[in-house]
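If you want the building blocks of each chain, they are given just below.
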Amino acid sequence: MSATARLPLSGLLTPEVAACEQCRGRLVSSLRTVTGVSSANLESSGVALALAYDPSLTSTTALEEAVRAEGRDLATEFVHEVWPVEGMDCADCARNIERGVARLTGVQSAEVNFAGARLAVEYAAAETNPATIARTVQSMGYRLGHDESAEMSSGRLRSILTDRKNLLVLAGLGLTVVGIALAVAGAPESASIAAWAAAVAVAGWPVARKGIATIRATHRLDINALMMIAVVGAALIGEWLEAATVVVLFSLGEALERYTMDRARNSIRSLMALAPAEALVRHGDHEHRVPVAEVSPGDVVIVRPGERLPVDGVIVAGASAVNQAPVTGESIPVDVAHGASVFAGTINGQGVLDVQASRKAADSTIARIIRMVEAAQSQRAPSQRFVDTFAMYYTPAVIAIAAAVAVLPPLLGGGDWAGWLYRALVLLVIACPCALVISTPVSIVAAISAAARSGVLIKGGAHLEAAGSLRALAFDKTGTLTVGQPRVVSIEPLDGRSADEILALAAAVERYSEHPLGEAIVTAAHDRKINTGNQIVSDVSATTGRGISARVGVTFVRIGSSSMLSADLAAPEAAQLAALEERGQTTVLIEEDGRLVGMIGMADQVRPEAREAIAAIERAGIRETVMLTGDRPVVAQAIAQQAGVDDVRAGLLPDDKVTVIEELLERHGRVGMVGDGVNDAPALARATVGIAMGAAGTDTALETADIALMGDDLGKLAFTVRLSRSAKRIIAQNIGFALILKVVFLVLAVGGAATLWEAVFADVGASLIVILNGMRLLRQSE
């Protein structure tokens, strides 16, 4: 979601200041540092700011504060607010609300997220207010919620039996049944007609109200108006039972559609309930509970066993096992201790944790996931754009056909007016594109929600559909197919030394190194319980790219890469070195007083699940898997063989990876790239779909990837591909079913073989069928 605004400035710039480039630049620079602002410019006159920003990431309050920080002020206060909308059951409702609210004085923009049932409005506070907006929405037959966060966190669906509109529908249904019973019992016809007329009035009132309000607000006919025209027309020609049946079935169908859509929406909103409402905060020597919204970065929060973490943060005391399933989708608890990062909504195990908050609750990882998922649900996929365009022309076309059917045949002597008018009314009912319009968004809502619950963030319907069309996947090596941390895998002692002696000597020196290979050597010594602290080390000297040297006791030790120290190796030693490197190991040599005394081989380890994950991806329909790396070919080949990928490209720079992606695109058409979301940014951007690994701990990956795997689990890839393919298949089924049903009933209506109640039953039934078919995606799991 994006917004643009022209914000007038009051008491801002004197002519001298307006001409001062430094003053103007400082103001613009300050605004551009506000999170969510994509562009900011000061008009040459100096009386207004032109801004483009993301309302989900910032607010007009933050913009005002940035302006005031530079000693300025806004002449007009612009407000951006988001409310939940109750009563929407089709995408046409969303468009009507947008048009109606956008016509209000002072409203700069109005956007309805049908999938998330939200209305976002940017308005001038001096010209309109929330009450006016709420009245406008209510006049159209819908209602704004009062507390978005409460709405999201409650996770409750309003009962069908307690909603006033639904009670009217049930009353209308009862009156229709009463009328039928009177007719069967032989009561006067007037008694049955009175019952059916009452049913039309009771059940039809909410429908008529919405239709009339839409005409007033948008000057166009909507589904409700078309339905009431059909009902009134049926009554005028004496078909009171048909009129009552049509309005009751239509209203009942709308209620069921609202209920099922709320279930789909609630699947992601329920995530908000995972974070507790309060947090136990330690201030000095005392502890007290505060609302989680009042916890600030730097505060220390105490999390007891079995409690959910209220905020993102870093553990400063304690150790435990944390269930991170709400964020990463991985149900196996993760052991955490001092220095580990943890996320809001995850569940603490047995230990007490002191967590230093790193973000406010509103900016926690799970809160951002929910915002991104709801934004993703509002993005239109290609299939949805096709459906919306089709419906735009289809409905007016059917209305024109209905008018022609009602008028032309009687004028040309082809039958009576009542008969052809009835056929035209059937056509009007068929003109309702509910099933067609809702066929795509409900599937996208369900699929994205199911993915989010499994720890996969899909950024929109377009990316969902694109992932379902992938034919090849390219993988970064380090941190994607491998764990990203080198480990000692072999020790080759020479000169009669033991492996532990070589490792102890190397670790004594590498204690002073920050190089990943040095850290791997120290870790290996620690794992073998080798004590290196009693050795006296002095004269430490590290040279980037060459190694490290030091005096250990009375001997001079040098540790370096094979390329730096292997020039004078004897044949047997050279053969040993070659054997290690052929197995894909990065080897360092250890010299003592100029003599080679040992070799240590290290390798980044393939993820334990990599081979099975790659096999599952290929079973899901991916034709080719390729590993891209800047590492040496011999190392790359060893990793690729262990992981089971089809092809490997080694020694690549970032630009080279883009070239490989382009080659794959030429061969396969649609290619995904899996990486860490930072180092592989060019390749991720060039691929059809960029997929980031482990995005829960990486802000950049979470913000930039098309699809983000919140945990470091390659197994989620196959699930994501299967889910995307299922979503594409179900969307195609829904669209095809809705179109075929419309065509069939158009033919039946013109031929006089369809009744009004059959048409509305088919239309409502079709809507429910496509909704339920789409909601099957909610149940899809790994």
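Residues numbered from 1 in each chain as written. Predicted model: local features only at pLDDT ≥ 70, side-chain atom pairs only at ≥ 80, totals over all residues. Heavy atoms only, no water.

### Some points on unusual backbone geometry
Although it is not a glycine, lysine 529 adopts a positive phi angle of roughly 60 degrees. Within the secondary structure, lysine 529 sits in the loop between α20 (516-527) and β20 (537-543). (Helix = DSSP H or I, 4+ residues; strand = E, 2+ residues; numbered from the N terminus.)

### Re the sheet that holds strand β28 (residues 689-692)
Sheet architecture is open: seven strands sit in the order β17-β29-β28-β27-β18-β25-β26, paired in mixed fashion. Among the strands making up the open sheet, the edge pair consists of β17 (456-458) and β26 (647-649). On average, each strand axis in the sheet is tilted by 20 degrees relative to the strand beside it, whichever way the strands run. (Pairing = 2+ DSSP bridges. Axes fitted to C-alpha atoms, helices over the stretch in contact; angles between N-to-C directions.)

### Some points on the pairing of strand β16 (residues 353-357)
Most of β16 is tucked away, with four of its five residues classed as buried. Of the strand pairs in this sheet, strand β10 (residues 300-303) and β16 are connected by four bridges, and their pairing is antiparallel. Each residue of the ladder has a partner; that of isoleucine 302, found in β16, is aspartate 354. In this structure, strand β11 (residues 313-317) lies alongside β16, joined through four bridges in antiparallel fashion. Paired with glycine 313 across the strands is alanine 357, a residue of β16. (Buried < 20%, exposed > 50% of the residue type's maximum accessible area, 1.4 Å probe, protein only.)

### Quick look at the sheet that holds strand β21 (residues 547-552)
The six strands lie next to each other as β19-β24-β23-β22-β21-β20, forming an open sheet whose pairing is antiparallel. Every interior strand has two partners, whereas the edge strands, β19 (482-493) and β20, have only one. Across the sheet, the axes of successive neighbouring strands diverge by a mean angle of 20 degrees, strand direction being ignored. Of the pairings in the sheet, the one linking strand β22 (residues 555-561) to strand β23 (residues 586-592) comprises five bridges and is antiparallel in character. Each residue of the ladder has a partner; that of arginine 558, found in β23, is glutamate 591. Strands in contact with α20 are β19, β23 and β24 (595-606); relative to β19, the strand with the most contacts, it is inclined by about 65 degrees. (Contact = heavy atoms within 4.5 Å.)

### Examining the packing of helix α23 (residues 610-619) against helix α24 (residues 633-643)
Contact geometry of α23 with α24 gives a least axis separation of 7 Å together with a crossing angle of 65 degrees. Comparing their axes, α24 and α23 come out roughly perpendicular. In contact with Ala610, Arg611 and Ile614 of α23, α24 contributes Gln641, Gln642 and Ala643. Taken together, the residues that form the contact of α23 with α24 break down as three nonpolar, two polar and one charged. (Parallel < 35°, antiparallel > 145°, perpendicular 65-115°, else oblique. Nonpolar A, V, L, I, M, F, W, Y, C, P; charged D, E, K, R; others polar.)

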